Amino acid sequence: MAILQRSEAVIALILLTAMVVIGLINPAFWNLDNLFGLVKSNVVIGIMALGVLLVLLSGGIDVSFPAFAAAALYLTIKAMLATGYQGVVGPFVLATLIGLAFGAINALFVHRFKMIPLIVTLGTGSMVRGFLLGVVGTSMININMMPPALIDFAKTDLVTMTQPDGSQYGLTAMVLVYGAVALLIHLLLRYTIIGRSIYAVGGDAEAARRVGFNLRTTMLVVYCTAGALAGFAGLLHSSMIWLANPRDFVGLELDVIAAVVLGGASIFGGRGSVLGTILGVFMLVMVKNSLIIMKVDTTWQRVVVGVIVIVATAATVWRDRKRRA
Amino acid sequence: MTEPLIELRSIGKRFAGVRALEGVSLAIMPGEIHCLAGENGSGKSTIIKIMSGVYKPDEGEIRIDGKTVPGLTTRESIRHGVQVIYQDFSLFGNLTVAENLALNTALRERRKFVNWRGVRALARRALERLDVDLDLDAEVGSLPTAGKQIVAIARALMSDARLLIMDEPTTALTRHEVDALFRIVHDIQRQGIAVLFVSHKMREMLEISERLTVIRNGRKVVEGPTGDFDEASITRAMTGQDIRDEHYVWIPPAGAAPAPRLEMRGLTLPGAFEDLTLTLRPGEIVGLSGLLGSGRTDMALALFGLETGWTGELRIDGEPLRLRSVQEAIRHGVAYVPEDRLTEGLFLNQSINRNMLASSYEEHARLSVIDRPVVNDLAQRMIAAMHIATPTGEKPVGQLSGGNQQRVVIARWLLTDARVLILNGPTVGVDVGSKAEIHRIIRGLARDKGLSVLMISDDVPELVQNCNRIVLMHRGRFVQELDAATTTEEQVGDLLKGLR
């Protein structure tokens, strides 16, 4: 069974099993509006997870991206309100660039000063969040102030259905954005030398240097992309919920890292894929969503996420050890 | 007379004022297999790094194809066809064989994108050149060491190599794999590529090379055709001393024979060993050999309380024992130095002192508080007694050479007042000089302190020189017992071969 050798196949199989089980417990799971809602909740976490995937592949870890995302969305919307700008593309470019700039700081410390990524990103994340709240502001920007252009953009649906009771629901077009980002990251990882250098660094940084990779470029690409994706996802999130909250995304890093590890990425670097990450994100979102449907307390949801991190990490470690043996 | 491919002329190199190399000259001719021999720390690695452009020499010149190349860089060295295969291979365990092989080419051609079909084709050609068959899609991390080495060699040859430098290539290989490697090396030579083989294993050097250079303490001692050397002359050149073949003679004290120290009677563990009966008296060194899987390690583990569930009788100093744990074994005076001291026996990033004292802290503690001055003084005396080469006992064990690490493990057990010392492969991966030193220490311990030693080894000369008796084990049983004084190395070797 060569196909079962692939981590993605195993994850897909587990995912399907979980879906069947959840469907048996709660048949409403298979309702189209629930599935559409599920897909919608995948978009923001998924885009962030793709950034975290790059960092994990390179052998690092990133806990700063929620702060970067919050900063990017809040600064961008503040800027829009100050200038009265009403476009869509411009703000997303700005949010992406803000995230990218923060990512460059991570890259600088990780590469130039050879610091441990966990410490670097703990520090930068905390600083960015602190500056945002202390210097820029703490007040939320509500629906009445949010730029309408962004809200209209995020409201776009691919298909619209009508419930028997007359209410409407649809599949958000943002899933296309997610898909496009995923495809780009996949192409980057699979078909560019930079992408392969990320795997190489995560496998053995010293060997990567000896072979002749430019690790500075690699690290810049990894952390800048992670930051950029976080910034982009931050603004997208804000547009989708019609709210700009500088305290948003607190604690999200654990969910996202859990999703990426669940998708088969090694916490020690060098292994993981875009497809696996998409599946891992779907699984995590689905489990959390089902817990909400089953009215499980949010504190217990934290327990479940913690268990997922531990179990998924143990599973990948076990897999890697078996391969190395 | 052809020009040497690469030539070092009176090379000198210092690190922080310490001389690593002095006046070393070395010429490698095109297509020759040359051996660079020396003990650990003699300067072999420094020479490799100078040839590959990693270090710049402080004195002397490097010539390639007869032309001086001042300030040789790694890039230039590679361009001139010098390829080094380091001991760790510098491969990516998480990537496939094909990608590992193709990465260098892609980088050299400054590509931006990966063409997977091209990668596979390139990799297939590289492996065909060595006439080996490997799964291109296998992850390199899943290959055995020999497989990784083949990938490393194939990768090195892809960049138009003219000289392949192999650093200790046989360290982790079985005899069978070494033979396969030597076939490949000869094959490479037929393609006109020179090979510099860096090693401290004498038999292999004599077998593979055409010319031999020996260095010691950063100076070249001798150079010549391999045919002019034998093991003894290489050893002398490497260590600067004659390591005499001494035999260990155990003379039972006059009068009553001493009481047995260790007695095994009918020791049986199904699937591992059967009906083992052996008596060791104080001061005896008994050798134990046999093929891998003969059950010898299981037996050692049983004596050390790690393998339980055996039947039969075990006595130490007449007291019948059932060893159920390591603590129990240690309490009864059993000490064990494992085969793989790095993974089983040492805490590599801890200091020498802590490693030596790891098993005896309890004895030196009062109410669970360790008496520091006493303990440190003890460690200091042990470092001196065991001739461990270190400025301080605070140095992490991981930074010591293999021979010195082995001494630390043995020292640890001596501090526990061991009565029975079990050594499993005591000098594997240890260079000749240290080996002789370790042997001297072991013999001294048996003779002067009445320790009973059980020495498990594949190294026949080691057994013959150090033991007064040698027991051969096969398929879980003791099959023969030899008196070392009247047995030659050849006889033991032949008997071992006969066990297959």
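These numbers were taken from a predicted model, which means no experiment stands behind them.

## Considering unusual backbone geometry
Residue and element names in this part refer to chain B.
Step number 1: Positive phi, close to 50°, is recorded for Asp-160, a residue that is not glycine.
Step number 2: Structurally, Asp-160 can be placed in the loop between α5 (145-158) and β7 (163-167).
Step number 3: Positive phi, close to 50°, is recorded for Asp-317, a residue that is not glycine.
Step number 4: Looking at where Asp-317 falls in the secondary structure, it is placed in the loop between β14 (311-316) and β15 (319-320).

## As for the interface of chain A and chain B
How large an interface is tends to be reported as the accessible area lost when its parts come together.
Step number 1: At the interface, 20 residues of chain A touch 22 residues of chain B.
Step number 2: Between chain A and chain B, roughly 1800 Å² of surface is buried when both sides are summed, and carbon and sulfur atoms account for 59% of that area.
Step number 3: At the boundary of chain A and chain B, one finds two salt bridges.
Step number 4: One salt bridge in this structure joins A:Arg196 and B:Glu99, with 2.4 Å as the shortest N-O distance.
Step number 5: At the boundary of chain A and chain B, one finds seven residue pairs in polar contact (both at pLDDT 80 or more).
Step number 6: Elements with a minimum of two residues in the side of chain A that touches chain B: α8 (174-191), α9 (193-203), α10 (205-211) and α14 (298-324) of chain A.
Step number 7: No other element matches the five residues that α9(A) contributes to the side of chain A that touches chain B.
Step number 8: Each residue belonging to the side of chain A that touches chain B can be placed in one class, and the counts come to nine nonpolar, four polar and seven charged.

## Looking at the pairing of strand β2 (residues 168-172) of chain A
Step number 1: Relative to β2(A), strand β1 (residues 157-162) of chain A runs antiparallel, the two being bridged by five bridges. Bridge pairing in β2(A) links A:Thr160 to A:Gly170.

## Quick notes on the side chain of B:Ser289
All names here are of chain B.
Step number 1: Here Ser-289 is to be found in strand β13 (residues 285-289).
Step number 2: Note on Ser-289: relative accessible area 1%, which makes it buried.
Step number 3: Excluding its chain neighbours within four sequence positions, the residues that come into contact with Ser-289 are Arg-296, Ser-457, Asp-458, Leu-463, Val-471, Leu-472, Met-473 and Leu-496.

## Overview of the packing of helix α4 (residues 65-83) of chain A against helix α6 (residues 117-136) of chain A
Packed helices, taken two at a time, are described by the angle between their axes plus the distance between the axes.
Residues and elements named next belong to chain A.
Step number 1: Where α4 meets α6, the closest approach of the two axes is 8 Å, and the angle between their N-to-C directions is 30°. Taken together, the axis directions place α4 and α6 in an arrangement best described as roughly parallel. The crossing of α4 and α6 is left-handed. On the side of α4, the interface is formed by Pro-66, Ala-67, Phe-68, Ala-70, Ala-71, Tyr-74, Leu-75 and Lys-78, while α6 contributes Thr-124, Gly-125, Val-128, Arg-129, Leu-132 and Val-136.

## Quick notes on the pattern of salt bridges
Step number 1: Under the defined criterion, the tally for this structure stands at 28 salt bridges over all chains.
Step number 2: As a salt-bridge pair, A:Asp255 and A:Lys288 come within 2.6 Å of each other at their nearest N and O atoms. One end of the pair, A:Asp255, is in helix α12 (residues 252-262); the other, A:Lys288, is in helix α13 (residues 274-293), with 33 residues separating them in the sequence.
Step number 3: Between B:Arg9 and B:Glu7 there is a salt bridge, and its shortest N-O distance comes to 3.2 Å.
Step number 4: Take B:Arg9: its relative accessible area is 32%, and that puts it in the partly exposed class.

## Brief notes about the sheet that holds β7(B)
Residues and elements named next belong to chain B.
Step number 1: Pairing within the open sheet is mixed, and its six strands lie in the order β6-β7-β8-β3-β9-β10. The open sheet has two edge strands, β6 (82-85) and β10 (219-225), and neither has a second partner. Neighbouring strand axes in the sheet, compared pairwise and without regard to direction, differ in orientation by 15° on average.
Step number 2: In terms of strand pairing, β6 meets β7 through four bridges, oriented parallel. When the sheet's bridge partners are listed, Val-84 is paired in β7 with Ile-165.

## Thoughts on the pairing of strand β4 (residues 59-64) of chain B
Residues and elements named next belong to chain B.
Step number 1: The pairing of strand β1 (residues 6-15) with β4 spans five bridges and is classified as antiparallel. Residue pairing in the sheet places Gly-12 in a bridge with Glu-59 of β4.
Step number 2: For β4 and strand β5 (residues 67-68), the ladder comprises two bridges, and the chain directions are antiparallel. Residue pairing across strands places Ile-64 opposite Lys-67, the latter belonging to β5.
Step number 3: Turn length for the β4-β5 hairpin, with the two strands adjacent in sequence and antiparallel, is two residues, and the turn residue Asp-65 shows positive phi of about 50°.

## Regarding the domain arrangement of chain B
All names here are of chain B.
Step number 1: Domain parsing of chain B yields domain 1 (6-239) and domain 2 (262-497).
Step number 2: On a C-alpha basis, the centroid separation for the pair domain 1 and domain 2 is 36 Å.
Step number 3: Contacts between the two partners involve eight residues from domain 1, matched on the other side by six residues from domain 2.
Step number 4: A combined buried area of about 550 Å² lies between domain 1 and domain 2, and 59% of that area is made up of carbon and sulfur atoms.
Step number 5: Its largest share of buried area at the contact with domain 2, domain 1 owes to Glu-39, Asn-40 and His-200, together 60% of the area lost on that side.
Step number 6: Counting across the interface, domain 1 meets domain 2 through zero salt bridges.
Step number 7: At the junction of domain 1 with domain 2, the criterion picks out zero residue pairs in polar contact (both at pLDDT 80 or more).
Step number 8: Those elements that provide at least two residues to the side of domain 1 that touches domain 2 are α7 (202-208) and α8 (231-239).
Step number 9: Among the elements that make up the side of domain 1 that touches domain 2, the one with the highest residue count is α8 (three residues).
Step number 10: Residue composition of the side of domain 1 that touches domain 2, by class: two nonpolar, four polar and two charged.

## What about the side chain of A:Ser58?
All names here are of chain A.
Step number 1: Topologically, Ser-58 is positioned in the loop between α3 (32-57) and α4.
Step number 2: Ser-58 gets classed as buried once you look at its relative accessible area, which sits at 5%.
Step number 3: Residues in contact with Ser-58, not counting those within four places in the same chain, are Ile-198, Val-201, Gly-202, Met-219 and Val-222.

## Some thoughts on the nonpolar core
Step number 1: Core analysis: the biggest nonpolar cluster contains 158 residues, and A:Ile47, A:Phe213 and B:Ile153 have the highest contact counts within it.
Step number 2: Ranked by residue count, the leading element in this core is α3(A), at 15 residues.
Step number 3: The residues contacting A:Ile47, other than those within four sequence positions of it, are A:Val177, A:Tyr178, A:Val181, A:Leu229, A:Phe232, A:Ala233 and A:Leu236.
Step number 4: Grouped together as the second largest cluster of nonpolar side chains are 80 residues, B:Leu288, B:Met356, B:Ile422 and B:Met473 included.

What counts as what
- In this convention, every chain numbers its residues from 1, walking through the sequence in written order.
- Labels follow written order: the first chain is A, the first ligand is 1, and so on.
- Only residues with pLDDT of at least 70 are given local features in this predicted model, and only at 80 or more are side-chain atom pairs given and counted; all residues enter the totals for whole chains, interfaces and linings.
- Excluded from the side-chain calculations are hydrogens and water; all other atoms, namely the structure's heavy atoms, are used.
- Helix numbers and strand numbers start at the N terminus; a helix is a DSSP run of H or I with at least 4 residues, a strand a run of E with at least 2.
- Contacts are assigned to residue pairs that have any heavy atoms within 4.5 Å of one another.
- What counts as buried area is the accessible surface, traced by a 1.4 Å probe, that two parts surrender upon association, with contributions from both included.
- Whenever a carboxyl oxygen of Asp or Glu lies within 4 Å of a side-chain nitrogen of Lys or Arg, that contact is scored as a salt bridge.
- Nitrogen and oxygen atoms within 3.5 Å of one another constitute a polar contact, given that in protein one can donate a hydrogen and the other can accept it, and given that sequence-neighbouring residues count only through two side-chain atoms.
- When residues are grouped by polarity, Ala, Val, Leu, Ile, Met, Phe, Trp, Tyr, Cys and Pro land in nonpolar, Asp, Glu, Lys and Arg in charged, and all others, Gly among them, in polar.
- Strand pairing requires that DSSP identify at least two bridges connecting the strands.
- To sort residues, take the accessible area from a 1.4 Å probe on protein chains only and compare it with the maximum for the residue type: under 20% means buried, over 50% means exposed, and anything in between is partly exposed.
- Whenever a helix is involved, its axis is fitted only over the stretch in contact; in every case the axis is a line through C-alpha atoms, and angles between N-to-C directions fall within 0 to 180 degrees.
- Angles are sorted into four bins: roughly parallel if under 35 degrees, roughly antiparallel if over 145, roughly perpendicular if 65 to 115, and oblique for all others.
- Left-handed describes a crossing whose near helix is turned anticlockwise from the far helix by less than a right angle; the clockwise case is right-handed.
- Residue ranges assigned to each domain were obtained from an automatic or database domain assignment.
- What makes a nonpolar core is a set of buried Ala, Val, Leu, Ile, Met, Phe, Trp, Tyr and Cys residues whose side-chain atoms join them at distances within 4.5 Å.

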